[in-house]
Amino acid sequence: FVFEGNLVFNFGAGTASGTHGQTFMQWRNSGTYEFDNITLRNNTIHGFHGNQFLNISRQRTSNLDSLFNITMENNTFYRFGGNGTSVRNFIEFTNHMGGVAMNVNINNNLFYKNWEYRSDRFKNFRLHLFNAKDSVHATKIKVDVLNNFFYEDSVMFATGFDRNLPLTNTSSYTYTGYKAFTKDSLNVTTRLFVDEAKADTTMDLEMYTQSPLMTAGLGGKPIGDPRWYTNTTTPPLWTALTTVKPSSLIVWSNNGLIYLHNAQKPVTIFNVLGQRVGVFTAEQATQGINVKGKGIYLLRTDNETVRVMVR
């Protein structure tokens, strides 16, 4: 099965905020059918807010010497997940099929922001696989997760995990290779997208050919869907949000709460790394917002940005 060169926009369009929808791809779990190769390559998945991304339920095989391959390479996942009612899986494959060998390759993919940010909801981030049948079987399983770029840094993991795309549900093997890129680790100082505001809501994800991501993939390949690297101009600096305090907005902090008066529109709060903490109503901002952490925060509302220190 090869899924290549596709554009998928707003999967889960009928799903309300805070409720995950259906699984992107789910294979049947009955019968003795052979299905040994799944490839997703050069796709863009934008605004996914469904259930598990891939759910592979194949139960058995007639040939124990066969090899099962899952390959996901050079895909762009833009605003991916974040609305699960419980922890959701990027790949769910929990049946060891009696000891069949398996190769998993998740390389050169771009994961950029989540679809929803809620403290009471969960991302689609785990590689939820199986325990090997025995010690011999464990030697026949290869899991490579290499040269993927993640923004924000925790876009594909949650509290209690130490990395993006964590390997779960198995104690008998680990990654064959793992290498993750972030904005800081790859020293990205310039913008990735020509118009990020447009990219957030449309399928216009034009990127710069002079971006470090253009050649950061395995073998010097691009990271993400290569079709978007079309702009040959020099990318501008990826600077922090401009801090401007208009006279109409009054902001302060007290006892760990942030207060903002005179806002007319919803307030979006970012931490100093540019990661979105949450979106709040103007009334909530007046009553005090608990950001659950000390440091500098940026508040954006009414087309203005203000900065406040929480001590």
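Definitions and cut-offs
Residues numbered from 1 in each chain as written. Predicted model: local features only at pLDDT ≥ 70, side-chain atom pairs only at ≥ 80, totals over all residues. Heavy atoms only, no water. Patch = residues over 30% accessible without salt bridge, like charges linked within 9 Å, V, L, I, M, F, W, Y side chains within 5 Å. Areas by Shrake-Rupley, 256 points an atom, 1.4 Å probe, with all protein chains shown as cover. Salt bridge = Lys/Arg side-chain N within 4 Å of Asp/Glu carboxyl O. Helix = DSSP H or I, 4+ residues; strand = E, 2+ residues; numbered from the N terminus. Buried < 20%, exposed > 50% of the residue type's maximum accessible area, 1.4 Å probe, protein only. Pairing = 2+ DSSP bridges. Axes fitted to C-alpha atoms, helices over the stretch in contact; angles between N-to-C directions. pLDDT = per-residue confidence, 0-100. Contact = heavy atoms within 4.5 Å. Polar contact = N/O pair within 3.5 Å; in protein donor to acceptor, adjacent residues only side chain to side chain. Core = buried A, V, L, I, M, F, W, Y, C linked by side-chain atoms within 4.5 Å. Phe/Tyr/Trp six-rings, centres within 6.5 Å; stacked < 30°, edge-to-face > 60°. Lys NZ or Arg CZ within 6 Å of the ring centre and 35° of its normal.

Enquirer: What's the story with a nonpolar patch on the surface in this structure? I'm lost.
Expert: A cluster of nonpolar side chains, contributed by Val272, Leu273, Ile296 and Met309, occupies part of the molecular surface with about 350 Å² of accessible area. Structurally, the position occupied by Met309 is in strand β24 (residues 304-310). Given the relative accessible area of 35%, Met309 is considered partly exposed.

Enquirer: Can you help me understand the sheet that holds strand β23 (residues 295-301) in this one?
Expert: Consider a sheet: its strands pair through backbone hydrogen bonds, and that pairing is either parallel or antiparallel. An order of β21-β20-β23-β24 is seen for the four strands of this open sheet, with the pairing classed as antiparallel. In this open sheet, the two strands that pair with only one neighbour each are β21 (276-280) and β24. Averaged over all pairs of adjacent strands, the angle between strand axes in this sheet comes to 20°, irrespective of strand direction. Sheet topology places strand β20 (residues 267-271) next to β23; four bridges connect them, and they run antiparallel. Its bridge partner lying in β23, Thr268 is registered against Arg300.

Enquirer: Mind showing me how you'd approach the confidence of the model for the protein chain here?
Expert: Low pLDDT marks regions whose predicted coordinates should not be analysed in detail. Mean pLDDT over the protein chain works out to 88, with 93% of the residues at or above the 70 mark. Contacts of residues 240-247 to residues separated by more than four positions or lying in other chains number 16 contacts, the stretch itself having pLDDT below 50.

Enquirer: Explain the side chain of Glu196 to me, please; I cannot follow it from the model alone.
Expert: Looking at the element boundaries, Glu196 is found in helix α2 (residues 196-201). At 3.0 Å, the side chain of Glu196 and the side chain of Lys113 are in polar contact. Look past the residues within four positions of Glu196 in its chain and what remains in contact with it is Tyr78, Tyr112, Lys113 and Arg191.

Enquirer: Before we go on, may I ask you to explain the nonpolar core in this structure?
Expert: Inside soluble globular proteins, nonpolar side chains tend to come together where they are buried. Grouped together as the largest cluster of nonpolar side chains are 44 residues, with contacts concentrated most on Phe53, Phe90, Ile91 and Phe93. Elements with a contribution of two residues or more to this core: β4 (37-41), β7 (67-73), β9 (88-92), β10 (101-107), β12 (124-128) and β13 (141-151). A per-element tally of this core places β13 first, with four residues. One finds Tyr112, Phe193, Trp228 and Tyr229 within the second-largest nonpolar core, a separate group that totals 18 residues.

Enquirer: Looking at this structure, how should I read the sheet that holds β12?
Expert: The sheet built from five strands is open, its strands ordered β3-β6-β9-β12-β14 with parallel pairing. Each edge of the sheet is formed by a strand with only one pairing partner; in this case those strands are β3 (25-26) and β14 (167-168). Sheet analysis places β12 next to β14, joined by two bridges and oriented parallel. Opposite His128, over in β14, you have Thr168 as the bridge partner.

Enquirer: Teacher, can you tell me more about the packing of aromatic side chains here?
Expert: The relative placement of two aromatic rings is captured by the distance of their centres and the angle of their planes. Overall, the coordinates contain 30 aromatic pairs when judged by the stated rule. Between the aromatic rings of Phe3 and Phe24, the centroid separation amounts to 6.0 Å while the plane-to-plane angle is 85°, which identifies the pairing as edge-to-face. Taken as a pair, Phe3 in strand β1 (residues 2-4) and Phe24 in the loop between β2 (7-9) and β3 lie far apart in primary sequence, 21 residues in all. In this structure, Phe3 and Phe24 share a single accessibility class: buried. Aromatic pair Trp252 and Tyr259: ring centres 5.2 Å apart, planes at 10°, arrangement stacked. Trp252 sits in the partly exposed class, given a relative accessible area of 34%. By relative accessible area, which is 17% here, Tyr259 ends up buried. Site record: aromatic cluster; members linked through ring pairs are Phe1, Phe3, Phe11, Phe24, Trp27, Phe48, Phe53, Phe77, Phe80, Phe90, Phe111 and Phe150. When the ring centre of Tyr178 is taken as origin, the NZ or CZ atom of Arg163, which lies over that ring, is 4.6 Å away. Above the face of the Trp238 ring, Lys183 is positioned so that its terminal group lies 5.0 Å from the ring centre.

Enquirer: What's the story with the pattern of salt bridges in this structure? I'm lost.
Expert: Note that side chains of opposite charge can pair when their charged atoms are close. Evaluation of the coordinates by the stated rule reveals ten salt bridges. A salt bridge links Arg121 to Asp120; the shortest N-O distance between them is 3.6 Å. With a closest N to O distance of 3.7 Å, Asp204 and Lys198 form a salt bridge. According to the relative accessible area criterion, Asp204 is partly exposed, its value standing at 31%.

Enquirer: Just to check I follow, could you spell out unusual backbone geometry for this structure?
Expert: Glycine aside, a negative phi is what most residues show, and trans is what most peptide bonds show. Cis geometry marks the peptide bond from Tyr151 to Glu152, where omega comes out at 0°. Positionally, Glu152 belongs in the loop between β13 and β14. In this structure, Asn74 is a non-glycine residue whose phi angle is positive, near 55°. With respect to the secondary-structure elements, Asn74 resides in the loop between β7 and β8 (76-78). Here Asn74 falls in the buried class, since its relative accessible area comes to 7%. Of note, the phi angle at Asn187 is positive, near 55°, even though the residue is not glycine. With respect to the helices and strands, Asn187 occurs in the loop between β15 (177-181) and α2.

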